[in-house]
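# Commentary on secondary and tertiary structure
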Amino acid sequence: MPFKYINPGYAELLADSSMTTSKSTTYNPINGIAMKGSGDGYYYLPEGCDEVWVKFGFYSNTTYTWQLNCYIGSNQSKYGFYRYGKDDNRAYFQGVSTKIQGTTDYDCHTVWMHCKAGSDGLLEIFIDGVEAFSKTGEVTWANQYVYFKSANTSLFITNIIISDHEIAKSEEVYVLTPKTTETDMGESGGLYTADSENQHVRQKVDVAALKSKAGSDAVSITGLAVAAVPAYYEGDGLSSLAAMKNDAEMETVALSSNIKAGIVVSWSEAMSADALSNLTLGWKAKS
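These notes cover the structure that comes with them.

## Details of the packing of aromatic side chains
A ring pair, where both rings are aromatic, is described by two values, the distance of the centres and the angle of the planes. Evaluation of the coordinates by the stated rule reveals 17 aromatic pairs. Judged by centre distance (6.4 Å) and plane angle (45°), the ring pair of Phe-93 and Phe-133 falls under tilted. In this pair, Phe-93 is assigned in strand E8 (residues 88–93) and Phe-133 in strand E12 (residues 130–139), connecting sequence segments 40 residues apart. The pair formed by Phe-93 and Phe-133 is uniform in burial state, with each residue classed as buried.

Written out as C-alpha cells, the structure is:
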C-alpha cells in the first residue's frame, strides 16, 4: 500500500528518537518546529518497500564541524547524505563517499533524495533544488528504514517527507491552523484527555491561513497528516487513538505510556486547498 510520511520537525514523531524538539522560526521559517541533536531517529519503511523518496530541511547554527546525516537502508554511511561542515557535504553510494555541493551556515537548506534498491539501484541527491549527485548500480539495504542524525544541538532537521512515490522538489510541509475545534474530551491548556471509548477531538482547517502561509491562492494538497504531541495512555482501558478524516477512521495507532511520546498518521491526498474546508481532521479514543 502506498505511503507518505509527513513531519514538520517533531522529534517525537520519529521512531526510537533521541533528538529533541525546538520551537524556532529561525530554524524553520515555515512552521516554527525543528528537531535537534545530539541524537538520532528512524522512520521504518513498510515491508517490501524497495524504492523511496526523501525530502527534508536543515539549518546549521554554528560554524563548527558536526555531523548531520540522512541514510537510507542503514544507520551507517552506505547510501545517503552526510554533512560535516558547510564545505564538506558528501553523498554515500555503496559505502563510498563523494564530495558534493557545499552549503552555508546560519541558513536554511533542503535535501531531496531518491534511492532504489536492487541490481538496477540508484541514488539521486538534490540540494536546494540543484542536482548534486546521481549514480546507478547495485543497491542493497541492510535494514528497512530511513535514518536521521544530528550530532549537535546547533544542527536542526525540519519538514520531513518520505514516500514510496515521487516527491516534487517544490513540495512543502505546512502545519495547518485550526479554524474550529469540536470535542467531547476533557481539555486543559490545549491538552485533551479521553476517559471513554469513541470520545473525539476534531478540527476544521483555516484555509485562508494556509494560503497566507504558502503565499499563494493556488495551493495544491498532496498529502495530509494528523499528529499529536504528546500522546500517551495512563492506567487500563483506553490505549489507542484512531486518526479521523470526517467520519472515516484512517488508521489506529497503539499508544505507549511514555508521557513524552508522539504519534502521527499521514497519507497521500490530492485536492485543492479550498477542498480542505469540507474536511474535519482529528482523533478518536479506542480501547
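## Side note on the state of the cysteines
Across all of its chains, the model carries 0 disulfides by this definition. Free of any disulfide, Cys-49 has its nearest cysteine sulfur in Cys-115, 9.9 Å distant. For Cys-49, a relative accessible area of 11% translates into the label buried. Not engaged in a disulfide, the cysteine Cys-108 finds its nearest cysteine sulfur in Cys-70; these two sulfurs lie 17 Å apart.

## Let's talk about the nonpolar core
Phe-56, Phe-81, Ile-125, Phe-148 and Ile-162 are the most contacted members of the largest nonpolar core, which totals 40 residues. Those elements that provide at least two residues to this core are strand E5 (51–60), strand E6 (68–72), E8, strand E10 (108–116), strand E11 (118–127), E12, strand E13 (145–150) and strand E14 (155–163). Excluding its chain neighbours within four sequence positions, the residues that come into contact with Phe-56 are Leu-68, Cys-70, Phe-81, His-109, Thr-110, Val-111, Met-113, Phe-148, Ile-157, Thr-158, Asn-159 and Ile-160. The next biggest cluster of nonpolar side chains, apart from the first, holds 26 residues, and it includes Val-205, Ile-221, Leu-238 and Trp-267.

## Side note on the layout of surface pockets
The calculated volume of the second largest pocket comes to roughly 880 Å³. Tyr-5, Leu-13, Tyr-43, Val-264 and Val-265 are, among the 37 residues lining the second largest pocket, the residues nearest its centre. Of all the elements in the fold, those that place two or more residues in the lining of the second largest pocket are strand E1 (4–7), strand E2 (20–23), strand E4 (39–44), strand E21 (248–254) and strand E22 (263–272). The class makeup of the residues in the lining of the second largest pocket is 23 nonpolar, 9 polar and 5 charged.

## Topic: the sheet that holds E8
Strand order in the open sheet formed by 6 strands is E4-E13-E6-E7-E8-E9, and the pairing between neighbours is antiparallel. Two strands in the sheet have a free side with no partner beyond their single neighbour: E4 and strand E9 (96–100). Across this sheet, the average inter-strand angle for adjacent strands is 20°, counted without regard to direction.

Scoring rules and cut-offs
Residues numbered from 1 in each chain as written. Predicted model: local features only at pLDDT ≥ 70, side-chain atom pairs only at ≥ 80, totals over all residues. Heavy atoms only, no water. Phe/Tyr/Trp six-rings, centres within 6.5 Å; stacked < 30°, edge-to-face > 60°. Helix = DSSP H or I, 4+ residues; strand = E, 2+ residues; numbered from the N terminus. Buried < 20%, exposed > 50% of the residue type's maximum accessible area, 1.4 Å probe, protein only. Disulfide = S-S within 2.5 Å. Core = buried A, V, L, I, M, F, W, Y, C linked by side-chain atoms within 4.5 Å. Contact = heavy atoms within 4.5 Å. 1 Å grid on protein atoms, 1.4 Å probe; cavity = no way out; pocket = protein on both sides within 12 Å on 5 of 7 lines; lining within 4 Å. Points joined across faces, edges and corners; volume = space filled by probe spheres on them. Nonpolar A, V, L, I, M, F, W, Y, C, P; charged D, E, K, R; others polar. Pairing = 2+ DSSP bridges. Axes fitted to C-alpha atoms, helices over the stretch in contact; angles between N-to-C directions.

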